[in-house]
Amino acid sequence: MVRINKQWYQRRVRAMASDADMALVFDPMLNTISKKKARNVITRLASCLRRQAFCSNVEMVFAKVPIIKFFDRISECDVDININNTVGIKNSFLLKSISLVDERIAPLIITIKAWAKAQDINSAFQGTLSSYLLVSMVMYFLQTGLSPPLLPPLRQYVDTLQSVNVNTQLQSLQPAKFIKFQVRNKEQLGEVLVKFFQFWARKLRQNKIFSVYTAQEQIRTYNKPFLDTSAYVLCVEEPFLKDNIARAVRGEQFKTVKQKFQQACDKIKDIATFEELFEE
């Protein structure tokens, strides 16, 4: 069975705990605001931040969710600020709740993100896997790739959060008690890790839509705007907005992703510690 070295894991946790995501909320009951308004707010806020001594490398990024990026000299932390992305706030609460369902979940996610980063397949900008996509792949595996599963379908929890006011109601919810699920799976973390790579090495060859909302997969029909079109080589449904988390993954890069997962799947059967996956 593959082991995860405690000291190695703690170093990875420290290395990843180096950024902060914030949201400037105007209307807590709207998922987003218009791009024009977001652009205006971001431009004015960026101008203000550039005059602050604690800020450096202030950058505006006008992506699907416009953000300001900067480095905070005081905390030595990279910071992203979005405008009224309340879905992101609810998603962060949901992911925190998921991490508390079982003590194996957070180490599994951090370990897999460390592996993906080392394989150079953890960048939506470069056409590979965003961190959110990787986390969603872990969640879908925990729902459907283990028997018994480690996570339930997220439908009822997402539906509850959809109507929550992030300014006045979210603070009253407790992440540790939000997901009510009795864990019956007793496998060791190393066993779960091996099965994750085996699961996705197989699933990435299948042309399907994977949903953490329903914990089900569907045959692709290429007729669902924003989720399933011929432009997408991989489809993983975002539980709140019902669009495709994997929309940034591109053809040639997807071949590399599949190759890396298959290589890990082949190698992990013959190693004693997870760190050996990083060795050539």
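The following refers to the structure shown. Please read these numbers as outputs of a predicted model, since none were measured by experiment.

## Details of the pattern of salt bridges
Here comes step 1: What the rule picks out here adds up to 8 salt bridges.
Here comes step 2: As a salt-bridge pair, Glu 187 and Lys 195 come within 2.5 Å of each other at their nearest N and O atoms.
Here comes step 3: A residue is classified by how much of its surface remains accessible, and Glu 187, at 14% relative accessible area, is buried.
Here comes step 4: Judged by its relative accessible area of 33%, Lys 195 falls in the partly exposed class.
Here comes step 5: Taking the shortest distance from any N to any O, the salt bridge between Glu 217 and Lys 203 comes out at 2.8 Å. In this pair, Glu 217 is assigned in strand β6 (residues 216-219) and Lys 203 in helix α8 (residues 189-203), connecting sequence segments 14 residues apart.
Here comes step 6: For Glu 217, a relative accessible area of 27% corresponds to the partly exposed category.
Here comes step 7: Taken together, the salt bridges that share partners define one network made up of Lys 203, Lys 208 and Glu 217.

## Some remarks on the sheet that holds strand β7 (residues 235-237)
Here comes step 1: Strand order in the open sheet formed by 3 strands is β6-β5-β7, and the pairing between neighbours is mixed. Two strands close off the open sheet at either side, each with one partner strand: β6 and β7. Strand after strand, the sheet turns through a mean of 25 degrees between neighbouring axes, direction not considered.
Here comes step 2: Bridge count between strand β5 (residues 208-211) and β6: 4 bridges; the pairing is antiparallel. By the bridge assignment for β6, Ser 211 is matched with Gln 216.

How each quantity is defined
- Residues numbered from 1 in each chain as written.
- Predicted model: local features only at pLDDT ≥ 70, side-chain atom pairs only at ≥ 80, totals over all residues.
- Heavy atoms only, no water.
- Salt bridge = Lys/Arg side-chain N within 4 Å of Asp/Glu carboxyl O.
- Buried < 20%, exposed > 50% of the residue type's maximum accessible area, 1.4 Å probe, protein only.
- Helix = DSSP H or I, 4+ residues; strand = E, 2+ residues; numbered from the N terminus.
- Pairing = 2+ DSSP bridges.
- Axes fitted to C-alpha atoms, helices over the stretch in contact; angles between N-to-C directions.

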